[in-house]
Amino acid sequence: MPGPASPEISPAPSSKTTLRILSILVFNFANYLTIGLPLAILPGYVHDHLGYSAFWAGLVISLQYFATLLSRPHAGRYADKVGPKKVVMFGLSGCLLSGVFYLLALWFDASPAASLALLCVGRLLLGAGQSFAGTGSTLWGIGVVGSLHIGKVISWSGVVTYGAMAIGAPLGVWIFSLGGLTLLSVCIIAVALTALLAAWRKTPVAGKATSQIPFRQVLGKVLPYGLALGLASTGFGVIATFITLFYDAKGWSGAAFSLTFFSAAFVGMRLLFPNCINRFGGLRVSLLCFGVEIIGLILVFFAPTSAVAMGGAFLTGAGFSLVFPALGVVAVQKLPQESQGSALATYSAFLDLSLGVTGPLAGILMAQAGIDAIYLGSALLVFIAMALVLRLLLSQSPQKASACVKTD
């Protein structure tokens with residue numbers, strides 16, 4: 001097996017750099033494809049087939065994000081210590097095992113409680129796999145092209161992430177229509193296994209950390225940016241988890257394509273505006289993104305037709321698109337280069353926490369005020385994120401604000 005490669009810090013042609021980034025981030029694509037494939041299937045399977053309430057349908061989805069939240073700090077620390085390749089392979093193994101447990105849940109279909117428990121185990125394994133494969137592949141990409149391209153790696157990581165989900169949601173519905181949960185589970189296992197074999201053949205990069213910065217210090221640096229990210233991520237949470245039930249309640253078809261519209265807008269924004277964060281600064285870009293996301297969520301809330309709801313999902317995806325890299329570049333740069341893994345993992349944990357609590361809390365709100373209310377509630381939370389970031393921006397001195405435009 002090839003030995004560790006040294007990080008490249010010298011400038012390279014843009015197209016060559018992008019190809020080198022994508023050669024690593026393909027593992028994150030596989031990671032999120034295993035997430036996207038069952039995303040539009042499991043809520044309905046738990047609610048309609050197993051007979052559980054919307055709360056449990058939301059919890060099954062959200063368990064993945066809780067597991068990701070708890071495992072993120074470990075993923076970052078181990079990537080800094082032993083190198084990201086081993087972390088990626090560990091994560092992809094979790095994705096593979098999630099498919100195995102979906103199969104087991106199907107075999108225990110006659111016992112809804114046992115089937116639900118096995119689905120939950122699969123979601124927990126997928127959540128751990130997501131954090132290790134996602135954090136590891138991003139840091140692996142940074143190690144391959146150098147820290148000068150950290151913003152580009154984070155941005156492309158989001159492109160492959162939501163590109164995989166855009167493909168995965170409708171593809172999962174189609175696979176399910178052909179062969180049910182059995183065929184869907186086998187496809188998830190095949191995707192993860194293929195990615196594992198490909199990752200094993202790739203050249204690793206070495207871990208860098210010689211000492212560990214205390215978690216409390218890392219958390220303190222990224223906290224305000226993470227809070228804003230978490231609040232804004234509720235928009236994604238209510239679209240991804242409940243859009244199928246929202247469409248069912250309205251008597252509409254095509255819910256999976258709303259996820260595709262969301263993801264297509266997300267990917268499109270990152271492809272159309274790759275340099276806007278470097279040009280205008282992460283805080284300013286995030287403020288504009290929050291405004292677009294709020295409009296999209298309100299549009300879903302008031303939607304009289306499925307087409308309007310899809311338009312709202314599209315705007316929500318467009319608004320949320322640049323939030324993670326815009327705030328993430330600022331947050332990661334608050335810590336030394338050798339602690340980038342811990343910084344990125346801690347910052348990403350706020351996304352996981354948000355998605356973890358959004359499912360069950362939105363399920364409770366939906367039971368009390370109707371399914372429409374969750375989209376208005378999310379819009380209010382994104383507005384709070386906008387106010388927080390505006391305060392951060394206004395608190396900067398003119399000199400710092402000017403430097404932010406050039407460097408974050």
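Residues numbered from 1 in each chain as written. Predicted model: local features only at pLDDT ≥ 70, side-chain atom pairs only at ≥ 80, totals over all residues. Heavy atoms only, no water.

Chemist: So what about the environment of A349? Which residues, and what values?
Modeler: As for its position among the elements, A349 is in helix α14 (residues 340–369). Residue classification places A349 among the buried residues on the basis of a relative accessible area of 11%. Each C-alpha atom, one on A349 and one on L70, is 7.9 Å from the other, the two residues being 279 residues apart in sequence. In this view, A349 contacts L69 and R72; residues no more than four positions away in its chain are not counted. (Helix = DSSP H or I, 4+ residues; strand = E, 2+ residues; numbered from the N terminus. Buried < 20%, exposed > 50% of the residue type's maximum accessible area, 1.4 Å probe, protein only. Contact = heavy atoms within 4.5 Å.)

Chemist: I'd love a proper account of the pattern of salt bridges, names of residues and values included.
Modeler: Counted according to the given criterion, the structure contains one salt bridge. Note that K250 is salt-bridged to D372, the shortest N-O span being 2.8 Å. One end of the pair, K250, is in helix α8 (residues 234–250); the other, D372, is in the loop between α14 and α15 (373–395), with 122 residues separating them in the sequence. (Salt bridge = Lys/Arg side-chain N within 4 Å of Asp/Glu carboxyl O.)

Chemist: Quick one: what's the story with the packing of helix α5 (residues 112–145) against helix α6 (residues 150–200), residue by residue and with numbers?
Modeler: To describe two helices that pack against each other, one gives the angle between their axes and the distance between the axes. Put simply, α5 and α6 touch, their axes get as near as 9 Å, and they point 140° apart. One element, α5, and the other, α6, form an angle in the oblique class. Both α5 and α6 take part in a crossing whose hand is right-handed. Contact residues: T138, W140, G141, I142 and V145 in α5; I150, V153, I154, S157 and A199 in α6. Considered class by class, the residues forming the contact of α5 with α6 number seven nonpolar, three polar and no charged. (Axes fitted to C-alpha atoms, helices over the stretch in contact; angles between N-to-C directions. Parallel < 35°, antiparallel > 145°, perpendicular 65-115°, else oblique. Left-handed = near helix turned anticlockwise from the far one by under 90°. Nonpolar A, V, L, I, M, F, W, Y, C, P; charged D, E, K, R; others polar.)

Chemist: Report on the environment of S115, specifying residues and quantitative values.
Modeler: Looking at the element boundaries, S115 is found in helix α5. S115 gets classed as buried once you look at its relative accessible area, which sits at 0%. In the structure, S115 is positioned 10 residues away from A105 in sequence and 4.3 Å away in space, judged by C-alpha atoms. Those residues within four positions of S115 in sequence are excluded, and the remaining contacts are Y45, L50, A105, F108 and D109.

Chemist: So what about empty space enclosed by the protein? Which residues, and what values?
Modeler: One pass over the structure, following the stated rule, counts four cavities of 30 Å³ or more. Size it by volume and the largest cavity reaches roughly 320 Å³. For the largest cavity, the lining is made up of 25 residues, of which Y32, R72, T161, F324 and L351 are closest to its centre. Those elements that place two or more of their residues in the lining of the largest cavity are α1 (14–36), α3 (54–82), α5, α6, α9 (255–272) and α14. With six residues, the single largest contributor to the lining of the largest cavity is α6. Within the lining of the largest cavity, the residues separate by chemical class into 13 nonpolar, 10 polar and two charged. (1 Å grid on protein atoms, 1.4 Å probe; cavity = no way out; pocket = protein on both sides within 12 Å on 5 of 7 lines; lining within 4 Å. Points joined across faces, edges and corners; volume = space filled by probe spheres on them.)

Chemist: Before we move on, can you summarise the nonpolar core with the specific residues and values?
Modeler: Within the largest apolar cluster, 129 residues are counted, with the highest numbers of intra-cluster contacts made by F236, F246, F290, L327 and Y375. Among the elements that make up this core, the one with the highest residue count is α6 (18 residues). Look past the residues within four positions of L327 in its chain and what remains in contact with it is Y225, A228, L229, L283, S286, F290, Y347 and V389. (Core = buried A, V, L, I, M, F, W, Y, C linked by side-chain atoms within 4.5 Å.)

Chemist: Provide a residue-level description of the state of the cysteines, including the pertinent values.
Modeler: Counting across every chain of the model gives zero disulfides. Take C276: it sits in no disulfide, and the sulfur closest to it among the cysteines is that of C289, at 7.0 Å. What makes C276 buried here is its relative accessible area of 12%. Look at C289 and you get buried, because its relative accessible area is 5%. (Disulfide = S-S within 2.5 Å.)

Chemist: Tell me about the side chain of R123, and name the residues and values.
Modeler: Looking at where R123 falls in the secondary structure, it is placed in helix α5. Looking at R123, the relative accessible area reads 0%, which means it is buried. Within the local environment of R123, its side chain forms a polar contact with the side chain of Q64, the two groups lying 2.6 Å apart. (Polar contact = N/O pair within 3.5 Å; in protein donor to acceptor, adjacent residues only side chain to side chain.)

Chemist: Kindly report on the packing of aromatic side chains, identifying the contributing residues and their values.
Modeler: All chains considered together, the criterion is met by 12 aromatic pairs. On the numbers, 6.2 Å between centres and 5° between planes, the contact of F236 with F320 is stacked. Taken together, the positions of F236 in helix α8 and F320 in helix α12 (residues 306–321) put the pair 84 residues apart, joining distant regions of the chain. Each member of the pair, F236 as well as F320, carries the same accessibility label: buried. Ring centres 5.4 Å apart and planes at 80° place the aromatic pair Y247 and W252 in the edge-to-face group. For W252, a relative accessible area of 18% puts it in the buried group. One aromatic cluster is present, formed by F236, F262, F266 and F320 through successive ring pairs. (Phe/Tyr/Trp six-rings, centres within 6.5 Å; stacked < 30°, edge-to-face > 60°.)

Chemist: Let's hear about the packing of α8 against α14: which residues, and what values?
Modeler: In contact at an axis separation of 9 Å, α8 and α14 are set at 65° when each is read in the N-to-C sense. The interaxial crossing formed by α8 with α14 has right-handed handedness. Of the residues in α14, those in contact with T234, F236, G237, V238 and F242 of α8 are S354, L355, T358, G359, A362, G363 and M366. Taken together, the residues that form the contact of α8 with α14 break down as six nonpolar, six polar and no charged.

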